[in-house]
Amino acid sequence: MSQTPDLQYSEIEQELRGNVRALLAARAPQSATLARTESEQPVDTALWRALAVELGVTGLAVPEKTGGAGASWRETAVVLEELGRAAAPVPYLGSAVLATAALLAADESVLLPTVASGEHVAALALPFATAPGAAFPDTVRVDAEGLLHGTVRLVADARTADVLLVPARSAEGPALHAVGQFTAVPVVSLDMTRPLADLVLDAAPGRPVAEGDAAVRAVDAALTAGAALLASEQLGVAEWALETTLAYVKERHQFGRPIGSFQAVKHRLADLWVAVAQLRAVARNAADALATGSADAPVAAALAQAFASQVAVTAAEEAVQLHGGIGFTWEHPAHLYLKRAKSSSIALGTADRHRAALAGLVDLPAPAH
């Protein structure tokens, strides 16, 4: 009989949260993030270096013997909550989660330490919409000389990556290659704090880090970890939206009273508070399942993404609407959170895709028509 997971935050996790939040407040205020979205450098590389060097959070899930911090995915999830709360423009999900999970699953010991330290920024060369359980891609081919050819569209966190993990097929079958020679073509992204890019590989040399079934498992492990931990980032987005809106409706007066005193507003925010509390539970459960290596991790990831997307989007929409006229302005940060929530709702599989996967994972047949 499996033990009920402890989803409470530990003292270490709370201390980590405080350190990350303080760093983000000092290095990534919302005014700076808003200004950065209108620049040619939407990703904050200085903030990334601070996270990697000063706090050492880029390798939390990596064992110490491989150059990491020797913590777990639970601590990684706490960092993601704070990055979501700040809408921080850093490639943490792409490098410290997706790429790192693939390297861990492949038992790769050459590249992993440099990714864990933040020396290298890695990206998994798959469209950001790819869901766990998707077929191994065939968009990149390996020729007889071992060079990679192909284009991968809409890859997250690729514009700042200096190494790619590329799923590719050759005559021998599937493999996962580490590639340092590529072209990243920026594309228009809804979420300006997480820019996307099309990756072009033209006779690019690559080093296999996993081959055959091991490559398939590594890619799926990365997608499962990404989907599970994206829920923690979505939780951070939803918490910011709820807390900021609660503070605003207490201060904004209409007809001589705070708008938060109106029953309709109370009901909307009460419903949102309940949804955010539920999201915290499913996100923590997904992170704990990953951290403990539970066989139910795919179920926990699918459950988290089946629920998280709508809560984050609703929370951000409520923030925009209940802030009234100011919530619709470019100068207010609410639109950053709405765009992050909207783009995340189709990342790593839509909620409908995860509900269908969940039904299959728990052997729940569709109703007869």
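Residues numbered from 1 in each chain as written. Predicted model: local features only at pLDDT ≥ 70, side-chain atom pairs only at ≥ 80, totals over all residues. Heavy atoms only, no water.

Naming follows an unreviewed UniProt entry, where the protein chain appears as Acyl-CoA dehydrogenase family protein of Streptacidiphilus alkalitolerans. The record in UniProt for the protein chain states the following under Cofactor (unreviewed entry): "FAD". According to UniProt, the comment filed for the protein chain under the heading Sequence similarities (unreviewed entry) is "Belongs to the acyl-CoA dehydrogenase family." (UniProt positions renumbered as here; feature names shortened; annotations may be inferred.)

Asker: Is there a simple way to think about the pattern of salt bridges in this case?
Answerer: As a working rule, side chains carrying opposite charge can pair if their charged atoms are close by. As enumerated under the stated definition, the model contains 20 salt bridges in all. In this structure, R21 engages E82 in a salt bridge whose closest nitrogen and oxygen atoms are separated by 2.8 Å. You can see R21 sitting in helix 1 (residues 11-27) and its partner E82 sitting in helix 4 (residues 73-86), a full 61 residues away along the chain. R21 sits in the partly exposed class, given a relative accessible area of 37%. D288 is the partner of R74 in a salt bridge, and the nearest nitrogen-oxygen pair spans 2.9 Å. Remark: D288 occurs in helix 8 (residues 263-291) and R74 occurs in helix 4; sequence separation between them is 214 residues. The pair R74 / D288 is uniform in exposure class, with both members buried. Through salt bridges with shared partners, one network takes in R17, R21, E81, E82, R85, E239, E243 and R280. (Salt bridge = Lys/Arg side-chain N within 4 Å of Asp/Glu carboxyl O. Helix = DSSP H or I, 4+ residues; strand = E, 2+ residues; numbered from the N terminus. Buried < 20%, exposed > 50% of the residue type's maximum accessible area, 1.4 Å probe, protein only.)

Asker: What exactly am I supposed to notice about the UniProt feature "domain: Acyl-CoA dehydrogenase/oxidase N-terminal" (unreviewed entry) in the protein chain here?
Answerer: Per the UniProt record, "domain: Acyl-CoA dehydrogenase/oxidase N-terminal" (unreviewed entry) is found at residues 11-98. As annotated, residues 11-98 comprises 65% helix and 0% strand, and the C-alpha atoms at either end are separated by 26 Å.

Asker: Before we go on, may I ask you to explain the side chain of E13 in this structure?
Answerer: Tracing the chain through its elements places E13 in helix 1. Its relative accessible area of 1% is what places E13 among the buried residues. In terms of polar contacts, E13 uses its side chain to reach the backbone amide nitrogen of S10, at 2.8 Å. A distance of 3.0 Å separates the side chain of E13 from the side chain of R284, its partner in a polar contact. Aside from chain neighbours lying at most four places away, what touches E13 is Q8, R74, E75, V78 and R284. (Polar contact = N/O pair within 3.5 Å; in protein donor to acceptor, adjacent residues only side chain to side chain. Contact = heavy atoms within 4.5 Å.)

Asker: How should I be thinking about the pairing of strand 5 (residues 173-179) in this particular structure?
Answerer: On a regular strand, one side chain projects to one face of the sheet and the next to the other, so that they alternate. Within strand 5, seven of the seven residues are buried, which leaves the element mostly enclosed by the surrounding structure. Relative to strand 5, strand 4 (residues 163-170) runs antiparallel, the two sharing seven bridges. Of the residues in strand 5, the one forming a bridge with R169 is P174. Between strand 4 and strand 5, which follow one another and run antiparallel, lie two residues. With five bridges joining them, strand 5 and strand 7 (residues 196-211) adopt antiparallel strand pairing. (Pairing = 2+ DSSP bridges.)

Asker: Honestly, the packing of aromatic side chains in this entry has me stumped. Any pointers?
Answerer: Each aromatic ring pair is specified by the distance between its two centres and by the angle formed by the two planes. This structure, assessed with the given rule, holds two aromatic pairs. Measuring from centroid to centroid gives 6.4 Å for W48 and Y92, while their planes differ by 65°, and the two rings are edge-to-face. Of this pair, W48 sits in helix 3 (residues 45-55) while Y92 sits in helix 5 (residues 92-105), and the two are 44 residues apart along the sequence. Note on accessibility: W48 and Y92 belong to one class, buried. Consider the rings of W240 and Y337, whose centres lie 3.7 Å apart with planes at 5°: the pair is stacked. (Phe/Tyr/Trp six-rings, centres within 6.5 Å; stacked < 30°, edge-to-face > 60°.)

Asker: How should I be thinking about helix 1 in this particular structure?
Answerer: Since the α-helix turns once every 3.6 residues, residues separated by three or four places project in the same direction. For helix 1, which comprises 17 residues, the first-to-last C-alpha distance of 24 Å matches the rise-based estimate of 24 Å (1.5 Å per residue) to within 8%. Taken together, the buried residues of helix 1 touch helix 3, helix 4 and helix 8. (Expected span 1.5 Å × (residues − 1).)

Asker: How should I be thinking about the side chain of T76 in this particular structure?
Answerer: Within the secondary structure, T76 sits in helix 4. Within the structure, T76 has its side chain in polar contact with the backbone oxygen of S72 (distance 3.2 Å). Sequence-distant contacts of T76, that is, excluding residues within four places in its chain, are made with L60, A61, Y92, V97 and L229.

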